[in-house]
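What the coordinates show
Single-letter residue listing:
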Amino acid sequence: MESQIREEIRKGFAELQTDMTDLTKELNRSQGIPFLEYKQFVTRTFFPKMCSDYEKSLVQPTYENDSLGPRALPETHPLLQDWQVKANNTTRPNVEEGITLFSTLLNNKHFLITFVHALEQQKDFAVRDRCSLASLLTIALHGKLEYYTSIMKDLLVDLIDASASKNPKLMLRRTESVVEKMLTNWMSICMYSYLKETVGEPFFLLLCAIKQQINKGSIDVLTGKARYTLNEEWLLRENIEAKPQNINVSFQGCGMDSLSVRVMNTDTICQVKEKIIESFYKNLPFSQWPRAEDVDLEWFNSGSNSKLLQDLDNTSVMEDGRKKLNTVFHYQVPEGASLAMSMKDKKEKTLERVKDLDTEKYVHLVLPHDELMETKKSHRHSHRKKVLPEIYLTRLLSTKGTLQKFLDDLFLAILSIPPDRPPLAIKYFFDFLEEQADKRGITDPDTLHIWKTNSLPLRFWVNILKNPQFVFDIDKTDHMDACLSVIAQAFIDACSISDLQLGKDSPTNKLLYAKEIPEYKKRVQCYYKQIQEMPPLSEQEMNAHLAEESRKYRNEFNTNLALTEIYKYAKRYRNQVINALEANPTARRTQLHHKFEQVIALVEDNIYECCSEA
């Protein structure tokens, strides 16, 4: 069996390498990798929940039914739009004055630190509120990253003091305080250039390789399970015979030449449409692609005869009490057949997505898992049931082996220090952690390793590995998400100081990369050592670097809206903030509580509108 797996990996890798070589050439010829703009990257990483509706709007665009194809969507995130203060449709200058004064207060270190601590002491100030406040502060202070960094460091010192007396190894493990989310955001800002210039390409190529490998075999459109995967839960545990074939497709009204598209004979019509759309639109960002539901597909089977291909029609058959979705094989579409795709009339009612169909009523390749077991009582199923587990798990190994080079390239890019682009922010922050450990007499090297790991790999890189849609304008399917979870787990294990205790009952997602983990661990340790050996940065050098980052992305965000959202928290906890300011000698001496009350007086009782639920 081992030699069989090796042979499958060798053949799979050779095939994928050819496909990926073609892809790399295309990337060089086309617009390249579909990176999101910095402002979109920031809003998606800072406000992931807020962006989920925004993403839905991106993947369900509105189309003009003309030769130009789909039209790009305008940017809709509230923090990227103009801010308006309205009351009876007239601007209220005192509200604007109040928000300006509030901005001045937030730029006072004593006020801001007292304000954050006062809010965190409130029982109803939930984790979601803490993350939201941290991200709004990051937007509001984005133009002054040096000041933002000094606030973050002061709040971190307080956090370290609190955790050092309990269990210092647990520090920064989660994101449950304002400063922990501030650190996540700070890493995102500081690492964006490195992510785009160094890690972006190997990451994008890995995503393309995963997608191409999954598409090499059958995929059940309703359950998402596939012949090739990295995640056992998404493995198609049936021996479905599937054959690849090429079809020639023209896209009417698109102004492009017809293309040869590779499909599987087990593909539903929806899956065929998606592969055709990708072939025609692969050089455009995903948000500009049509959806499968918005196009029609016709097959010219003989002479001028044409047939509209659909997932469900009056030729669909019943199987095990469910209606079976139509496939290439069902329609008997031959190799080299001529098909034409066209945009549907926008007046036509778009049907629900095939993926959302009820599995109680419809079936593609396999029944849902629980019923699969019940149905296998007949003799023809009982034999298949016996060979299910191990024989199909070898496909995980062959998929992993095929993708290994792409994963190694990505991990190497993440854990490398290019001489021309040293990670200054990481050096600065890791030195800060070492200094804090030193001050508290923490000499255990494991504690420092954990702090560094919780600050960068687990706080930033794992988030990026699991969410490529934060970085690229692409479609992240549920199956892609499942494969990325396995890869992210391997990265997490590589950063851990404890040895993996694995046995025959360990989950396959842990076992899959067990051989590679020791090598990855060495790489992580070597990376930390190289950072430590870099020449230290002075405060002036770091401030100059941060000022440059601020300058690069000036005026990208609606800071007034962010300030207005922060003000909502100030208003909600007004008395607690005033009490905290009065109890702080420096704040009391500089009359900060009176200035804060002045802000409330200016803004309070005025109606202001803002379009966000941050």
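Each chain has its residues counted from 1, following the order in which its sequence is written. The model is predicted, so local features are restricted to residues of pLDDT at least 70 and side-chain atom pairs to those at 80 or more, both for listing and for counting; the totals for chains, interfaces and linings are taken over all residues. Where side-chain values are given, they derive from all heavy atoms of the structure, hydrogens and water being excluded.

The name an unreviewed UniProt entry gives the protein chain is Plexin-D1, with Characodon lateralis as the organism.

The subject of this paragraph is helix 4 (residues 93–106). Put simply, DSSP marks the helices as runs of H or I at least four residues long and the strands as runs of E at least two long, and each gets a number from the N terminus on. Helix span is expected to be 1.5 Å times the residue number reduced by one. A rise of 1.5 Å per residue sets the reference length of helix 4, with its 14 residues, at 20 Å; its end C-alpha atoms lie 20 Å apart and thus fit the reference within 8%. Whether a residue is buried, partly exposed or exposed follows from its accessible area with a 1.4 Å probe, protein chains only, as a fraction of its type maximum: under 20%, in between, or over 50%, in that order. For helix 4, the set of buried residues is Val-95, Gly-98, Ile-99, Phe-102, Leu-105 and Leu-106. Looking down the long axis of helix 4, one finds its buried residues gathered within 110 degrees of arc, a one-sided arrangement. In helix 4, the exposed positions that point more than 90 degrees away from the buried face belong to Pro-93 and Thr-100. Contacts: residue pairs with any heavy atoms within 4.5 Å of one another. Looking at the buried positions of helix 4, the neighbouring elements they touch are helix 5 (109–120), helix 6 (127–140), helix 7 (145–164), helix 21 (559–572) and helix 24 (592–603). Note: the arc covers the axis-to-C-beta directions of the helix.

On to unusual backbone geometry. The phi dihedral of Leu-172 falls on the positive side, at around 65 degrees, and the residue is not glycine. With respect to the secondary-structure elements, Leu-172 resides in the loop between helix 7 and helix 8 (178–214). Despite not being glycine, Gln-591 has its phi angle at roughly 60 degrees, a positive value. As for its placement among the helices and strands, Gln-591 is situated in the loop between helix 23 (585–589) and helix 24. Of the residues examined, Gln-591 reaches a relative accessible area of 38% and is grouped as partly exposed.

Let us now look at the environment of Ala-140. Within the fold, Ala-140 resides in helix 6. Residues Ala-140 and Phe-557, spaced 417 residues apart in sequence, show a C-alpha to C-alpha distance of 8.4 Å. Leave out the neighbours within four places in its chain, and Ala-140 touches Thr-559, Ala-562, Leu-563 and Ile-566.

Throughout this description, the term salt bridge denotes a Lys or Arg side-chain nitrogen within 4 Å of a carboxyl oxygen of Asp or Glu. A full pass over the atoms with the stated rule returns 28 salt bridges. The closest approach of N and O atoms between Arg-440 and Asp-161, which form a salt bridge, is 2.6 Å. With Arg-440 in the loop between helix 14 (424–439) and helix 15 (445–455) and Asp-161 in helix 7, this residue pair connects regions lying 279 residues apart in the sequence. A salt bridge links Arg-421 to Glu-197; its shortest N-O distance comes to 3.2 Å. Taken together, the residues Arg-421 in the loop between helix 13 (388–414) and helix 14 and Glu-197 in helix 8 connect sequence positions 224 residues apart. Residue Glu-197 is classed as partly exposed on the basis of its relative accessible area of 48%. Residues joined by salt bridges that share partners form a network here, namely Glu-197, Asp-420 and Arg-421.

Take the side chain of Thr-45 next. Here Thr-45 shows up in helix 2 (residues 38–46). Among all residues touching Thr-45, those that are not within four sequence positions of it are Lys-181, Ser-188, Ile-464 and Phe-470.

All right, on to the packing of helix 5 against helix 7 then. For any two helices packed against each other, one specifies the crossing angle of their axes together with the interaxial distance. Whenever a helix is involved, its axis is fitted only over the stretch in contact; in every case the axis is a line through C-alpha atoms, and angles between N-to-C directions fall within 0 to 180 degrees. Closest axis-to-axis distance for the helix 5/helix 7 pair is 11 Å, and the angle between their directions is 45 degrees. As summarised for this structure, helix 5 and helix 7 are arranged oblique, according to the angle between their axes. In the packing of helix 5 onto helix 7, the handedness of the crossing is right-handed. The residues of helix 7 that touch helix 5, namely those facing Lys-109, Leu-112, Ile-113, Val-116 and His-117, are Tyr-147, Ser-150, Ile-151, Asp-154, Leu-155 and Asp-158. Taken together, the residues of the contact of helix 5 with helix 7 break down into six nonpolar, two polar and three charged. Reported orientations rely on four angle classes, namely roughly parallel under 35 degrees, roughly antiparallel over 145, roughly perpendicular from 65 to 115, and oblique for the rest. Put simply, a crossing is left-handed when the front helix is turned counterclockwise from the back one by less than a right angle, and right-handed when it is turned clockwise. Following the grouping adopted for this structure description, the nonpolar residues are Ala, Val, Leu, Ile, Met, Phe, Trp, Tyr, Cys and Pro, the charged ones are Asp, Glu, Lys and Arg, and the polar ones are all others, Gly among them.

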